[in-house]
Amino acid sequence: MNVDPNSVTAGVLSDLIKSSFESVTKGAGTYFGNSYRKIFEDFDPYMRETYRRIRKVRILCQKEQDVDLYDVYVSSYFRSRNDHKTDDELISWINEGNNAIINGNGGAGKTFFMRHFWITLFLNQVPRTPIFLELRKLNDIKTPDIKTFIRVSISRKKELDEDIFTHFCETGRFCFLLDGFDELPSDQRTNVQNQILDLAAIYPDCVFVVSSRYDSRFSGWQNFKVFESNPFNIYQVKELVEKVPFDPESKKLFSKQLTENFFSKHESFLSNPLLAIMMMMTFRENMNIPKRMSNFYDQAFNTLYQWHDATKAYNRAKFLDIDEFQRSFALFCMISYHQQKYEFTRSEIIDFINKSNKICAISVNAEDALADYEEAVNLIRQDGLVYVFIHRSFQEYFCAIALVRILPEKFSEMIFSFTGRTDDNVIPMCYEINPSLLISHYIKPAYLKEKQVGALSRAYVKGDYGALESMGAGYNYSLWRVSTQEKEKRHSNHKNFTRIGIRVNGVDDGKTEFFDNIAKVMSIKPIGVIGVGYVEDLLIHGDVFSVFDELSEQIPEKMEVEVNFVDGNFNISVRIEGEIVKAGDLFSEIVRNVDNKRAIFIEVNKSLAGAMSKIDTWCSDAISARDKMGRSLTEILDI
């Protein structure tokens, strides 16, 4: 059945849900089939509500109501190294049984694609039933269990028996779409990652798709292919502008500006769907586009604050003036960002606003401030029973505003709470808004620390492995199996639980995050492997994983091969069940195979040393310039 998304009536929807349900139970034995049919009364409302929720989206230039996804959806392109696919080609490839990670910057359209993915599978009645889970829904669960959460979500009135759900997972009846891995708190990500990898290994006939901003951990997810959403080209931007609900005359004027030259000049903004819409809105008010990202967000905020009234025949009363709003919302963003909260119940958001207003000495009632957040300026929206940001990038921008403009005296105490989030943009925005503050209180002390331990010394990084050693880099190759407890739960015909994983190990002393942050401040982007940080991109340079390709058939369970660099030497160690092995035919073969690939590590070291030298020079120059600015008034006047 191939259904036009715009022609789904209530009757068609019922038929689709019934067909989807039957595809899950098709071929099931009498016990499983009959048992699962008993919960159809729950499956129907779950699928109906999911379809209704996924079809409606909120966009920045339409404050009053949600819009239909396909009224604004623009087909996207994706790449994985040299593999390029359209959105529908990627969906077809995944539906053949392949697992994927969908990477992209904030505002690149990942969630829109995931929703399109779910609807495509649902409407076209493929063999697998799509299950959509926003991973931030797990944030309020102390010890989240993805499998249980999904099982309970599918059957809300009568909990689906675990054995029945497991049976349909084992027979590959589901495609799990897990949206927003980056919206999980950092201390939960490893746990959730392991659960996803466990489920993918235990149920190889199901399909798993995860969307996220860039995260270096994805490079180690075996049996998942990482795809990056391509930036929009000029034709996609024109289609987006044509589709979005906005003042027709303003759209027409903006469309005339969208020449090849204009697009090339502002490609960093226009190639991102969210920023393209913001640009259209701000262009109407200002007729110019700032060069800096922070200035662009500032201009967009002012447009949003004034825009609602400008498009109405009346003025909506605001409880916060523009200065109060900015201070209140900035502190709200900083506090929630610090706690890694991206979704709020009403009581939670009121509590955060009360804390923010108390710090700012703003007397406006929290309920009234929330009304401004949500209705007057539309930076917060209600999604069911919870509140979320219209887009997380605003949380990051206003967090930076709070750090450098509202609480600059606390900057040195607070900045190191945020430096570990190298996939976000708080640090580079802080630099844009007040470079002197970031240099003085983060870059200079972190740089001097690295200089003290020799990590940035040009003399130190000379040699075949000096840069790798200074970074504390290491490469680990091992077999991975699901837990014995999980294995015992599976049926006897599911015996293949092996996943080969390679990890890049760094020293947990802030070294890697410092280099990643400076690279973002310098606007240096990874150019090799998609979805990793700058340092890891360098460490994987030259496809270093190929060193271990020939070992996969030789290494037994519970064996690890590790390569590291100490005192200028290239070291290979082999362990079985944690015990070091130093002899034997297999040991000799493994060492010989890895030793023959030394040239790859030498090339990696060369690239890393060159990058460290550039960062060393940039930091030294930036600190020197900042120190000159810090001279006394007498010195300045005598210059």
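All values derive from a computational prediction rather than experimental measurement. (Residues numbered from 1 in each chain as written. Predicted model: local features only at pLDDT ≥ 70, side-chain atom pairs only at ≥ 80, totals over all residues. Heavy atoms only, no water.)

Would you explain the overall build of the chain in this entry?
A count of helices and strands for the chain gives 29 helices and 17 strands. Out of the 639 residues in the chain, the part that is buried amounts to 54%. Pairs at least 24 apart in sequence give 72% of the contacts found in the chain among residues at least 6 apart. Roughly 28300 Å² of accessible area belongs to the chain as shown, and the carbon and sulfur atoms make up 48% of that amount. (Helix = DSSP H or I, 4+ residues; strand = E, 2+ residues; numbered from the N terminus. Buried < 20%, exposed > 50% of the residue type's maximum accessible area, 1.4 Å probe, protein only. Contact = heavy atoms within 4.5 Å. Areas by Shrake-Rupley, 256 points an atom, 1.4 Å probe, with all protein chains shown as cover.)

Help me understand unusual backbone geometry, please; the structure alone is not making it clear to me.
Backbone phi values are negative for most residues with the exception of glycine, while trans is the configuration of most peptide bonds. The phi dihedral of Gln340 falls on the positive side, at around 55°, and the residue is not glycine. Mapping Gln340 onto the fold places it in the loop between α16 (322-338) and β10 (343-344). Residue classification places Gln340 among the buried residues on the basis of a relative accessible area of 13%. Here Ser523, not a glycine, exhibits a phi torsion of approximately 65°, which is positive. For Ser523, the location among the structural elements is in the loop between α25 (511-521) and α26 (534-539). Ser523 gets classed as exposed once you look at its relative accessible area, which sits at 61%.

I keep staring at the side chain of Ser76 and nothing clicks. Help me out?
Examined against the element boundaries, Ser76 turns out to sit in the loop between α4 (69-72) and β3 (77-80). If we skip the residues at most four places from it in the chain, Ser76 touches Lys85, Thr86, Asp87, Phe232 and Gln236.

Hey, could you run me through the sheet that holds strand β12 (residues 386-389) in this one?
The 3 strands are arranged β10-β12-β11 in an open sheet whose pairing can be described as antiparallel. The outermost strands of the open sheet, each flanked by one partner alone, are β10 and β11 (380-383). The pairing of β11 with β12 spans 4 bridges and is antiparallel. Counted as the bridge partner of Asp383 is Val386 from β12. Where α16 meets the sheet, it contacts β10, β11 and β12, and its direction lies at approximately 100° from that of β12. (Pairing = 2+ DSSP bridges. Axes fitted to C-alpha atoms, helices over the stretch in contact; angles between N-to-C directions.)

Would you take a moment to explain the pattern of salt bridges for this structure?
For side chains bearing opposite charge, pairing can occur when the charged atoms are close. Inspection of the entire model under this criterion finds 30 salt bridges. Residues Asp68 and Arg55 are paired through a salt bridge, measuring 2.7 Å at the closest nitrogen-oxygen approach. Taken together, the residues Asp68 in strand β2 (residues 67-68) and Arg55 in helix α3 (residues 40-55) connect sequence positions 13 residues apart. The exposure classification of Asp68 matches that of Arg55, with both residues buried. Among the ionic contacts, a cluster of salt bridges with common partners joins Glu49, Arg52, Arg53, Arg115, Glu134, Arg136, Lys137, Glu183 and Glu343. (Salt bridge = Lys/Arg side-chain N within 4 Å of Asp/Glu carboxyl O.)

What is the right way to read the nonpolar core from this model?
For soluble globular proteins, nonpolar side chains are generally found buried alongside one another. One finds Phe332 and Leu403 to be the most contacted residues of the largest nonpolar core, which totals 197 residues. Among the elements that take part in this core, helix α28 (residues 598-629) stands out by supplying 11 residues, more than any other. Excluding its chain neighbours within four sequence positions, the residues that come into contact with Phe332 are Phe344, Ile349, Phe352, Ile353, Ser356, Tyr373, Ile380 and Phe389. (Core = buried A, V, L, I, M, F, W, Y, C linked by side-chain atoms within 4.5 Å.)

What exactly am I supposed to notice about the confidence of the model for the chain here?
Detailed reading of predicted coordinates is not advised where the pLDDT is low. Here the chain shows a mean pLDDT of 81. Residues at 70 or above account for 81%. Low confidence marks residues 308-315, where pLDDT is under 50. Its contacts with residues over four positions away, or in another chain, come to 11 contacts. Note that pLDDT drops below 50 for residues 483-500; the model gives that stretch 34 contacts with residues more than four away or on any other chain. (pLDDT = per-residue confidence, 0-100.)

Hey, could you run me through the environment of Lys341 in this one?
Positionally, Lys341 belongs in the loop between α16 and β10. The exposure class of Lys341 is buried, given its relative accessible area of 13%. Residues Lys341 and Pro185 lie 156 residues apart in sequence; the distance between their C-alpha atoms is 7.6 Å. Apart from residues no more than four positions distant in its own chain, Lys341 is found in contact with Asp140, Ser336, Glu348, Phe352, Phe389 and Gln395.

What should I look at first to understand the packing of helix α5 (residues 87-95) against helix α6 (residues 110-124) in this one?
The geometry of a pair of packed helices is captured by two quantities: the angle between their axes and the separation between those axes. Where α5 contacts α6, the axes come no closer than 11 Å and their chain directions differ by 60°. It follows from the interaxial angle that α5 and α6 lie oblique. In this structure, the crossing between α5 and α6 has a hand that is right-handed. Facing Asp87, Asp88, Leu90, Ile91, Ile94 and Asn95 of α5, the residues of α6 in contact are Phe113, His116, Phe117, Thr120 and Leu121. The class makeup of the residues in the contact of α5 with α6 is 6 nonpolar, 3 polar and 2 charged. (Parallel < 35°, antiparallel > 145°, perpendicular 65-115°, else oblique. Left-handed = near helix turned anticlockwise from the far one by under 90°. Nonpolar A, V, L, I, M, F, W, Y, C, P; charged D, E, K, R; others polar.)

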